[in-house]
Amino acid sequence: MRVFDIQPIDRSLEAAIQQKIDNLNKPKGSLGRLEELALQVCLIQQTLSPSLAHPCHLLLGGDHGIERQGVSISPREVTWQQMLNFTRGGGGVNMFCRQHGFKLRIVDVGVDYDFSDLREAQSICDVEFLDRKIARGTKDFLYEPAMSQEEFDHAIQIGSDLVDDCVSEGCQILSIGEMGIGNTSPSSIWMHLLSDTSLRNCIGAGAGLDAPGILHKYEVLTKAVERYKALHPSPAGESWKEMLPYFGGFEMIAAIGAMLRAAELHLIILIDGFIMTACAMAAIRLEPASQDYMIFTHCGDESGHKTMLDIIDAKPLLHLGLRLGEGTGALCAFPLIDSAVRMMNEMNNFDNAKITKYF
């Protein structure tokens, strides 16, 4: 795995930023979370006049061997069908990207489908489709590691390179989404092993499993974890670089690489729902300073998501009941970050407005 040089946010400007926020013509603290967001964005960018140039959204697709065990109500082919739908502009992610002015990149990291007809496409319905396929899905981690260490390293590099492409275009804020049937299963296991939370409390309905389906999912994942622990008796915290590729999906590992590179380059990183929060948790365990650059945008209804956010002390902006994935929660939250930035740049202060400062 490549080494990332991620520095904690430099807080030397914090007092000056807070002074500017407090001197805007409003009661002190009256814009609540927007003031917190403004402070974080200013610290990330090391400025009192922040901006959100060229927002980009990465939609990473990959299939999972564990899906063959019936842990998802959705069949495998939905992954590639939705990926094609995205290239035609018809997904929820497309709508929100259009609404909020995000450049959308659809990236095949490991989908079990031949997209050769799209290989040469540079722009389809204002969407860029990128072929970064490592393999046609991961292996079934009930019986063997989902991917090799070499594939893990490759996926990390893919995510990092995608961020470099965005930054070369002037990107200052990045959101990341996923498309991969079955990927709540590795996310649940990562949560379990990274936080020592009971596996049962990490498993939910995914795309819509009923109670017997959730029980079956729990039984399958329990067997997978037991087999992994038998092969890797050291505590999970000492073997993250083995645990992540053993269970993860290509799209999930690429997301971690993207998050780490974005933090290294001091981008604002918008974190979406359960799966992306699991990826963020993994990134934070690998590089704790990366959390300084993350804004957790949404708490979904997937079982365990709120618990996972609590574990990493993350306070989400929204709770809309979303469980679509694709990064849609992050995109829905973007106007709040935009409002925080506009507050810093467009609100008058007490002196200029000739209003008595009463506190």
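Above: the structure in question.
Let me sum up the structure you'll find in this document.

Scoring rules and cut-offs
- Residues numbered from 1 in each chain as written.
- Predicted model: local features only at pLDDT ≥ 70, side-chain atom pairs only at ≥ 80, totals over all residues.
- Heavy atoms only, no water.
- Helix = DSSP H or I, 4+ residues; strand = E, 2+ residues; numbered from the N terminus.
- Rg over C-alpha atoms; globule rule 2.2 N^0.38 Å.
- Buried < 20%, exposed > 50% of the residue type's maximum accessible area, 1.4 Å probe, protein only.
- Contact = heavy atoms within 4.5 Å.
- Areas by Shrake-Rupley, 256 points an atom, 1.4 Å probe, with all protein chains shown as cover.
- Pairing = 2+ DSSP bridges.
- Phe/Tyr/Trp six-rings, centres within 6.5 Å; stacked < 30°, edge-to-face > 60°.
- Lys NZ or Arg CZ within 6 Å of the ring centre and 35° of its normal.
- Axes fitted to C-alpha atoms, helices over the stretch in contact; angles between N-to-C directions.

1. A closer look at the overall build of the protein chain
- Secondary structure assignment for the protein chain yields 13 helices and six strands.
- In summary, the protein chain has a C-alpha radius of gyration of 21 Å against a globular reference of 21 Å for 359 residues, a match within 12%.
- With the principal axes as the frame, the protein chain shows a C-alpha extent of 70 × 45 × 40 Å.
- Here the protein chain holds 359 residues, and the buried ones make up 56% of them.
- If you take every contact in the protein chain between residues at least 6 apart in sequence, the share linking residues at least 24 apart comes to 76%.
- In the structure as shown, the protein chain presents an accessible area of about 14300 Å², 49% of it carried by carbon and sulfur atoms.

2. Concerning the pairing of strand β3 (residues 127-131)
- With four of five residues buried, β3 is to be regarded as a mostly interior element.
- Across five bridges, strand β2 (residues 103-110) lies against β3 in parallel orientation. Within β3, the residue paired with L104 across the bridge is V127.

3. Examining the packing of aromatic side chains
- Throughout the structure, instances matching the rule amount to eight aromatic pairs.
- A centroid spacing of 4.9 Å and a plane angle of 85° characterise the contact between F102 and F334, whose relative ring orientation is edge-to-face. On the criterion of sequence distance, the pair formed by F102 in the loop between α4 (92-100) and β2 and F334 in helix α12 (residues 328-346) is long-range, its members being 232 residues apart.
- Plain terms: the ring middles of F141 and F247 are 5.1 Å apart, the flat faces sit at 75° to each other, and that makes the pair edge-to-face. Here F247 lies in helix α8 (residues 240-247) and F141 lies in the loop between β3 and α5 (149-168), a separation of 106 residues in the sequence. Exposure class is identical for F141 and F247. Each is buried.
- Through successive ring pairs, a cluster of aromatic residues spans W80, Y113, F115 and F129.
- Between R2 and the ring centre of F4, over which it is positioned, the NZ or CZ distance is 4.1 Å.
- Just above the ring of Y218 sits the side chain of R200; from NZ or CZ to the centre is 4.0 Å.

4. Observations concerning the sheet that holds strand β6 (residues 294-296)
- In space, the six strands of this open sheet follow the order β3-β2-β1-β4-β5-β6, with parallel pairing throughout. Edge positions in the open sheet fall to β3 and β6, since each of these has one partner strand only. The sheet shows a mean angle of 25° between the axes of neighbouring strands, direction not considered.
- Running at roughly 160° to β6, helix α2 (residues 32-45) makes contact with β5 (268-271) and β6 of the sheet.
- Its contacts with the sheet place helix α10 (residues 274-286) against β4 (173-179), β5 and β6, and it is angled at close to 145° to β6.

Interpretation in functional terms is not warranted from these geometric data alone.
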